[in-house]
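What follows is the residue order along each chain.
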Amino acid sequence: MDTNIGSLDSCKPTSNDVCCPANVTVSTIQGSVSPTIIKSSEATLGRHLARRLVQIGISDVFSVPGDFNLTLLDHLIAEPGLNLIGCCNELNAGYAADGYARSRGVGACVVTFTVGGLSVLNAIAGAYSENLPLICIVGGPNSNDYGTNRILHHTIGLPDFSQELRCFQTVTCYQAVVNNLEDAHEMIDTAISTALKESKPVYISISCNLPAIPHPTFAREPVPFSLSPKLSNKIGLEAAVEAAAEFLNKAVKPVLVGGPKLRVAKACEAFVELADASGYAVAVMPSGKGLVPEHHPHFIGTYWGAVSTAFCAEIVESADAYLFAGPIYNDYSSVGYSLLLKKEKAIIVQPDRVVIGNGPAFGCVLMKDFLRELAKRLKHNNTAYENYHRIFVPEGQPLKAAPKDPLRVNVLFQHIQKMLSSDSAVIAETGDSWFNCQKLKLPAGCGYEFQMQYGSIGWSVGATLGYAQAVPEKRVIACIGDGSFQVTAQDVSTMLRCGQKTVIFLINNGGYTIEVEIHDGPYNVIKNWNYTALVDAIHNGEGKCWTAKVFCEEELIEAIETATGAKKDCLCFIEVIVHKDDTSKELLEWGSRVSAANSRPPNPQ
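Residues numbered from 1 in each chain as written. Predicted model: local features only at pLDDT ≥ 70, side-chain atom pairs only at ≥ 80, totals over all residues. Heavy atoms only, no water.

As annotated in an unreviewed UniProt entry, the protein carries the name pyruvate decarboxylase and comes from Gossypium raimondii. If you open the UniProt record of the protein and go to Sequence similarities (unreviewed entry), you find "Belongs to the TPP enzyme family." Heading Catalytic activity (unreviewed entry) of the UniProt record for the protein holds this comment: "a 2-oxocarboxylate + H(+) = an aldehyde + CO2". (UniProt positions renumbered as here; feature names shortened; annotations may be inferred.)

What follows is the structure, given as structure tokens:
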């Protein structure tokens, strides 16, 4: 039995709703498929690739031209359902494909050989770490040059063309080097299928002289993809559910915690079903924010050890049993390995594996199947949530500032909170925005993304471009530090060219604040820019753009009113000037613990 791609659960909800389907339009196989013969001028490798991208739900491809990919770009442009978006550099094109994949379920970028490929590599590595299906296409050398011992431009000067391929082998789940037409169809289809099945990036290199050549394998419209579904081992599933139900039903105050791998397991909806049925208190790991609906009646906040949202850590760590669905425990998510959790109390559910306490482990069990079946076996128990409700004290308000006092970061995010709705999405850059955005309460329908596992500064500019392009009906609110913005600022110009209406809050505190709190030094101070003037220069009278520089709360309120009123159809760039030491309390705590973990002395030999 096959499963059409169009019927697969989404990789990521486009919003904070209960795992909404991704905005993907994919053809589905009917009872019979009539062959559609196409004219020879379109029966080319380039057009086949373009049709395949459209078929899996991609309508925008992010690219940087180079002499090895120009003919391929011609054929991508010729596809009516495909929009080619030129980016300022390859790194941002990769980040944009990453952001697009988070919303659409899959993304794509096209660069040129080696100089482009190695430039996009960092973005592809980030997508790999975050389990995002991304098609990275590279225009490669002329097929006649392989094996000739020739030295080509854009290479490191050796007659071996495999350097780029070897680099990509570590950050992609499949690599296809297409340098002949005979097996091009098979290699392209295998690469795309593998990206979708594994939810990881793939690499496709296409020789520059092949995209325009007709070939019989491309003589008809491609039959829609049909992926064989992953299935749980029924006996293993039953055993895992039985053991987990026994473990949890004897607990007094169990809790549920959602992790980032809910996305790749396509188990967001199943997790909510379990939460509804069990009555347990529900928390989310920081890198899973946006995957669990925060309007759920038993939602208690973000569990992040010592920097959790108020009263959440106390409930999770005092529980006598906790089920973690799709967790990633690294030094950042564990706050320098300081989580107060005990293995014997935990059920760890990974996309295809369940481990119960110190005891049995069950393989070949899909997370969504396990969570759904477990929901049928659990006794209702809301003790942990009642305990949370009993100890909960509403958050205090930031201290009232005197008129024209310098703006504080906690006041800024109080006003950003008021901007959120079902028609918005939040992109949080690496840095203090991680911690401030974690405290935002996402209304139903509000999207949320950040890159915690890889934590590449500058990611958010490209990701904002890609995410906003994928869901034009939402207004993206991006919170970006000045240090991060300096890495990738150029592609604000691409946002303008695409007519996007994003609101960017540029938080100018004069340096790499997150690094300051881990380990300070003169290297964390950066050259200050006039950021609004820079964006005005990028705007250059082309497209809709509005900028503002704010120093106090009164100016911030006025700027937000303008951005959401008279300039709601514009890209709005609001530079917020704050003190260099104005950080969230969570960053101060987190930074000291991560610093302690980084500075551990070597173990005795």
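Peer 1: Which residues make up the overall build of the protein, and what values go with them?
Peer 2: Regarding its fold elements, the protein presents 20 helices and 21 strands. By the compact-globule yardstick of 25 Å for 605 residues, the protein fits well, its C-alpha radius of gyration being 25 Å. Taken over the C-alpha atoms alone, the protein extends approximately 70 × 65 × 60 Å along its principal axes. Buried residues in the protein amount to 57% of all 605 residues. Carbon and sulfur atoms provide 53% of the accessible area of the protein, an area that totals close to 23,900 Å². (Helix = DSSP H or I, 4+ residues; strand = E, 2+ residues; numbered from the N terminus. Rg over C-alpha atoms; globule rule 2.2 N^0.38 Å. Buried < 20%, exposed > 50% of the residue type's maximum accessible area, 1.4 Å probe, protein only. Areas by Shrake-Rupley, 256 points an atom, 1.4 Å probe, with all protein chains shown as cover.)

Peer 1: Please set out the sheet that holds strand 17 (residues 447-450) residue by residue, giving values where relevant.
Peer 2: If you trace the 6 strands from one edge of the open sheet to the other, you get 17-16-18-19-21-20, paired in parallel fashion. The sheet is open, and its two borders are formed by strand 17 and strand 20 (545-550), each paired with just one other strand. For this sheet, the mean inter-axis angle between neighbouring strands, taken without regard to orientation, is 15°. Relative to strand 19 (residues 503-508), strand 18 (residues 475-481) runs parallel, the two sharing 5 bridges. (Pairing = 2+ DSSP bridges. Axes fitted to C-alpha atoms, helices over the stretch in contact; angles between N-to-C directions.)

Peer 1: Residue-level account of the sheet that holds strand 4 (residues 107-112), with values.
Peer 2: Reading across the sheet, the 6 strands line up as 3-2-4-5-7-6 and stay open at both edges, with parallel pairing between neighbours. One side of each edge strand has no neighbouring strand; the edge strands of this open sheet are strand 3 (83-86) and strand 6 (175-178). When strand polarity is set aside, the average angle formed by the axes of neighbouring strands in this sheet is 20°.

Peer 1: Report on the pairing of strand 13 (residues 346-350), specifying residues and quantitative values.
Peer 2: For strand 13, a buried count of 4 out of 5 residues is recorded, marking the element as mostly surrounded by other parts of the structure. Two strands pair when backbone bridges link them, and strand 12 (residues 322-325) and strand 13 are joined in this way by 4 bridges, in the parallel orientation. Paired with Tyr322 across the strands is Ala346, a residue of strand 13. The pairing of strand 13 with strand 14 (residues 353-356) spans 4 bridges and is classified as antiparallel. Bridge assignment links Gln350 to a residue of strand 14, and that residue is Arg353. The antiparallel pairing of strand 13 with strand 14 creates a hairpin that spans 2 residues between the two strands.

Peer 1: Quick rundown of the side chain of Thr464? Include the residues and the values.
Peer 2: With respect to the element layout, Thr464 can be found in helix 14 (residues 459-470). The class for Thr464 is buried, based on a relative accessible area of 1%. With near-sequence residues (within four places) excluded, Thr464 lies in contact with Ile427, Val476, Ala478, Met495, Gln500 and Thr502. (Contact = heavy atoms within 4.5 Å.)

Peer 1: Give me the lowdown on helix 1 (residues 45-55), citing residues and values where you can.
Peer 2: Counting buried residues in helix 1 gives 10 out of 11 residues, a clear majority hidden from the surface. Inspection of helix 1 places Leu45, Gly46, Arg47, His48, Leu49, Ala50, Arg51, Arg52, Leu53 and Gln55 among the buried residues, and these make up the whole buried set. In the segment just after helix 1, Gly57 is the residue with positive phi, at about 110°.

Peer 1: Can you tell me about the confidence of the model for the protein, naming the residues and giving the values?
Peer 2: Taken over all residues, the pLDDT of the protein has a mean of 90, while the share at 70 or more is 93%. Here residues 1-33 scores under 50 on pLDDT; set against residues more than four positions off or in separate chains, the count is 100 contacts. (pLDDT = per-residue confidence, 0-100.)

Peer 1: Summarise the domain arrangement of the protein; cite the residues concerned and give the values.
Peer 2: One frequently used descriptor of interface size is the decrease in accessible area upon assembly of the parts. What the domain assignment lists for the protein is domain 1 (40-218), domain 2 (234-391) and domain 3 (409-591). Distance from the C-alpha centre of domain 2 to the C-alpha centre of domain 3: 32 Å. Contacts between the two partners involve 17 residues from domain 2 and, on the opposite side, 17 residues from domain 3. Note on domain 2 versus domain 3: buried area summed over both sides is about 1,500 Å², and carbon and sulfur give 66% of it. Viewed at the interface, domain 3 and domain 2 are joined by 1 salt bridge. For Arg263, the salt bridge is made with Glu449, and the minimal N-O distance between the two is 3.2 Å. The interface formed by domain 2 and domain 3 holds 7 residue pairs in polar contact (both at pLDDT 80 or more) in total. (Domains from an automatic or database assignment. Buried area = accessible area lost by both parts, 1.4 Å probe. Salt bridge = Lys/Arg side-chain N within 4 Å of Asp/Glu carboxyl O. Polar contact = N/O pair within 3.5 Å; in protein donor to acceptor, adjacent residues only side chain to side chain.)

Peer 1: Explain the packing of aromatic side chains residue by residue, including any values.
Peer 2: Evaluation of the coordinates by the stated rule reveals 19 aromatic pairs. Look at Tyr303 and Phe324: their rings are 6.3 Å apart centre to centre, the planes differ by 65°, and that puts the pair in the edge-to-face class. With Tyr303 in the loop between strand 11 (299-302) and helix 9 (312-318) and Phe324 in strand 12, this pair connects stretches of sequence that are 21 residues apart. Residue classification places Tyr303 among the buried positions, given a relative accessible area of 2%. An angle of 65° between the planes, with centres 5.9 Å apart, marks the rings of Tyr448 and Phe450 as edge-to-face. Judged on exposure class, the residue Tyr448 and its partner Phe450 are both buried. An aromatic cluster of at least three residues, connected via ring pairs, comprises Trp304, Tyr332, Trp434, Phe435, Tyr448 and Phe450. The cationic tip of Lys200 hangs over the ring face of Tyr128; the distance from NZ or CZ to the ring centre is 3.9 Å. (Phe/Tyr/Trp six-rings, centres within 6.5 Å; stacked < 30°, edge-to-face > 60°. Lys NZ or Arg CZ within 6 Å of the ring centre and 35° of its normal.)

Peer 1: Outline the UniProt feature "domain: Thiamine pyrophosphate enzyme central" (unreviewed entry) in the protein, supporting the account with residue identities and numerical values.
Peer 2: Following the UniProt record, one finds the feature "domain: Thiamine pyrophosphate enzyme central" (unreviewed entry) at residues 241-359. Helix makes up 23% of residues 241-359 and strand 21%, and the two end C-alpha atoms of the span are 14 Å apart.

Peer 1: Kindly report on the packing of helix 12 (residues 409-419) against helix 19 (residues 553-564), identifying the contributing residues and their values.
Peer 2: It is the contact of helix 12 with helix 19, at a shortest axis distance of 11 Å, that shows an interaxial angle of 20°. Judged by the angle between their axes, helix 12 and helix 19 are roughly parallel. Considering the relative orientation of helix 12 and helix 19, their crossing is right-handed. Where helix 12 approaches helix 19, its residues Val411, Leu412, His415 and Met419 are matched on the opposing element by Glu553, Leu556, Ile557, Ile560 and Thr564. Among the residues forming the contact of helix 12 with helix 19, the class breakdown is 6 nonpolar, 2 polar and 1 charged. (Parallel < 35°, antiparallel > 145°, perpendicular 65-115°, else oblique. Left-handed = near helix turned anticlockwise from the far one by under 90°. Nonpolar A, V, L, I, M, F, W, Y, C, P; charged D, E, K, R; others polar.)

Peer 1: Describe in detail the side chain of Glu90, supporting the description with residues and values.
Peer 2: When you line up the elements, Glu90 lands in helix 3 (residues 90-104). When neighbours within four sequence positions are excluded, Glu90 is seen to be in contact with Val64, Val111, Gly116, Ser119 and Val120.

Peer 1: Go over the nonpolar core, please, and point to the residues and values.
Peer 2: Formed by 133 residues in total, the largest nonpolar core has its most connected members in Ile135, Phe485 and Phe505. Beyond its immediate chain neighbours, meaning those up to four positions away, Phe485 contacts Val461, Ile480, Val492, Leu506, Tyr531, Leu534, Val535 and Phe573. (Core = buried A, V, L, I, M, F, W, Y, C linked by side-chain atoms within 4.5 Å.)

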